[in-house]
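Understanding the architecture of this molecule
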Amino acid sequence: MTDYTQLYNKLSSIIDKNNIKTNELLKNHTYTKLGGKADIFLTPTTYEEVQAVVKFAKQENVPFTLLGNGSNLIVKDGGIRGIVILLKNFNRISVEENFLTAQSGAAIIAASQYALKENLTGLEFACGIPGTVGGALFMNAGAYGGEIKDVLAHAIVIDCNGEIVKRTAEDLELSYRTSNIPEKGDIVLEAIFKLRPGKYEEIKAVMDDLTFKRESKQPLEYPSCGSVFKRPPGYFAGKLIQDSGLQGKQIGGAQVSTKHAGFIVNKDNATAEEYISLIKYVQKTVKEKFNVELEREVKIIGEDL
Ligand SMILES: Cc1cc2nc3c(=O)[nH]c(=O)nc-3n(C[C@H](O)[C@H](O)[C@H](O)COP(=O)(O)OP(=O)(O)OC[C@H]3O[C@@H](n4cnc5c(N)ncnc54)[C@H](O)[C@@H]3O)c2cc1C
């Protein structure tokens, strides 16, 4: 067994001990309910703590991984070595004129609802995306014709040297479900969205309509990572999977949703291994039947057991 006492002791001099855990089970922190243990699990409460951890990790050559709401991630059963940082304590949202500022650990759904309360339009598309603001920027999350790129003015990040810097939306090179955040090694602290004045009833009507569409089409009753695959050019992943006769296909506790073929649900205490095996099975079957490569949208991280 690895001894993390030394690492723990060093970290407790730079971050409040109450916010450090060892061997924390990550399935308790992921929307997919998948994932083994993190060696060290940190929930910092100040930006200075995050900066200090980044500098420490760099200096000591310890890997660190950021977790949002784990709604676009499969953490493998062997968990994650080194440090895992959860930014859930940074969840403040505020509005000044037409600008909405949301800290990275806030739910993007909460940001969307806050905009409604302030009669601001632009974030309606995000009203059902179950991720954090940080995860939404990382993925340039989008739905129903809208995406983060359309409304982001700028972001405040901690760069790979531990410095707090501003990045404009252009700096982040947001495009279909990607950004350059992983490449740069940025940690998003805050997003500043430029919205437009709107009418409460109209904004709410759009959000209600999108919520109805989502609830009627998506298997929200089970843990999942949303759409597993990106939209292949000229096709719809869900339709290809459905036409391959894969709906209901189950490996262990993981199942291709019977409600929406683009989703794989954690139906019955699936392991990450079962979930990943099912993803590969779907990719192989669709390739054989339609000669189309399905590219994963969801990220797989961590180690096998
Ligand atoms: C039911 C369901 C419906 C969904 N619908 C949609 C949809 O309509 N549109 C859509 O785009 N997505 C959708 N998703 C996928 C997912 O919710 C989004 O991609 C979301 O933006 C991921 O955010 P997260 O906080 O869960 O990120 P995580 O899954 O925790 O992490 C994703 C990546 O972001 C990185 N990250 C997280 N926080 C930060 C930060 N502060 N700074 C830097 N990097 C960070 C992580 O390290 C990781 O690499 C859906 C998922 C589910 C389960």
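Located above this text is the structure these notes cover.
Remember, predicted model here, so these are calculated numbers, not experimental data.

Let's shift gears to the sheet that holds strand β16 (residues 250–251). Within the open sheet, the 4 strands sit side by side as β15-β18-β17-β16. Their pairing is antiparallel. One side of each edge strand has no neighbouring strand; the edge strands of this open sheet are β15 (224–227) and β16. By the bridge criterion, 2 bridges tie β15 to strand β18 (residues 263–266) in an arrangement that is antiparallel. Across the sheet, residue Ser227 finds its bridge partner in β18, namely Phe263. Taken strand by strand, helix α9 (residues 272–290) contacts β15, β16, β17 (254–256) and β18, and its axis lies near 25° from that of β17.

Around the ligand, 36 residues are found, and the nearest of them are Leu66, Gly70, Ser71, Thr132 and Gly142. At 2.8 Å, a backbone N or O of Asn72 approaches an oxygen atom of the ligand. Contact with the protein chains covers 95% of the free accessible surface of the ligand, which is 980 Å². Where the shell around the ligand is concerned, the elements lending two or more residues are β3 (64–67), α4 (133–139), β9 (142–143), β13 (187–194) and β15. Looking at the shell around the ligand element by element, the count peaks at 5 residues for α4.

Turning next to the sheet that holds strand β12 (residues 164–168). Where strands meet in a sheet, backbone hydrogen bonds hold them as pairs that are either parallel or antiparallel. Strand order in the open sheet formed by 5 strands is β6-β7-β13-β11-β12, and the pairing between neighbours is antiparallel. Looking at which strands have only one partner, the edges of the open sheet turn out to be β6 (93–96) and β12. Here the strands of the sheet are splayed against their neighbours by 20° on average, with no regard to which way each runs. In this sheet, β13 lies alongside strand β11 (residues 152–158) in antiparallel orientation, the contact comprising 6 bridges. Among the inter-strand pairings, Ile156 is bridged to a residue of β13, identified as Glu190. Strands in contact with helix α3 (residues 108–117) are β6, β7 (99–103) and β13; relative to β6, the strand with the most contacts, it is inclined by about 35°.

Calculation rules
- Residues numbered from 1 in each chain as written.
- Predicted model: local features only at pLDDT ≥ 70, side-chain atom pairs only at ≥ 80, totals over all residues.
- Heavy atoms only, no water.
- Pairing = 2+ DSSP bridges.
- Helix = DSSP H or I, 4+ residues; strand = E, 2+ residues; numbered from the N terminus.
- Contact = heavy atoms within 4.5 Å.
- Axes fitted to C-alpha atoms, helices over the stretch in contact; angles between N-to-C directions.
- Near = heavy atom within 4 Å.
- Polar contact = N/O pair within 3.5 Å; in protein donor to acceptor, adjacent residues only side chain to side chain.
- Areas by Shrake-Rupley, 256 points an atom, 1.4 Å probe, with all protein chains shown as cover.

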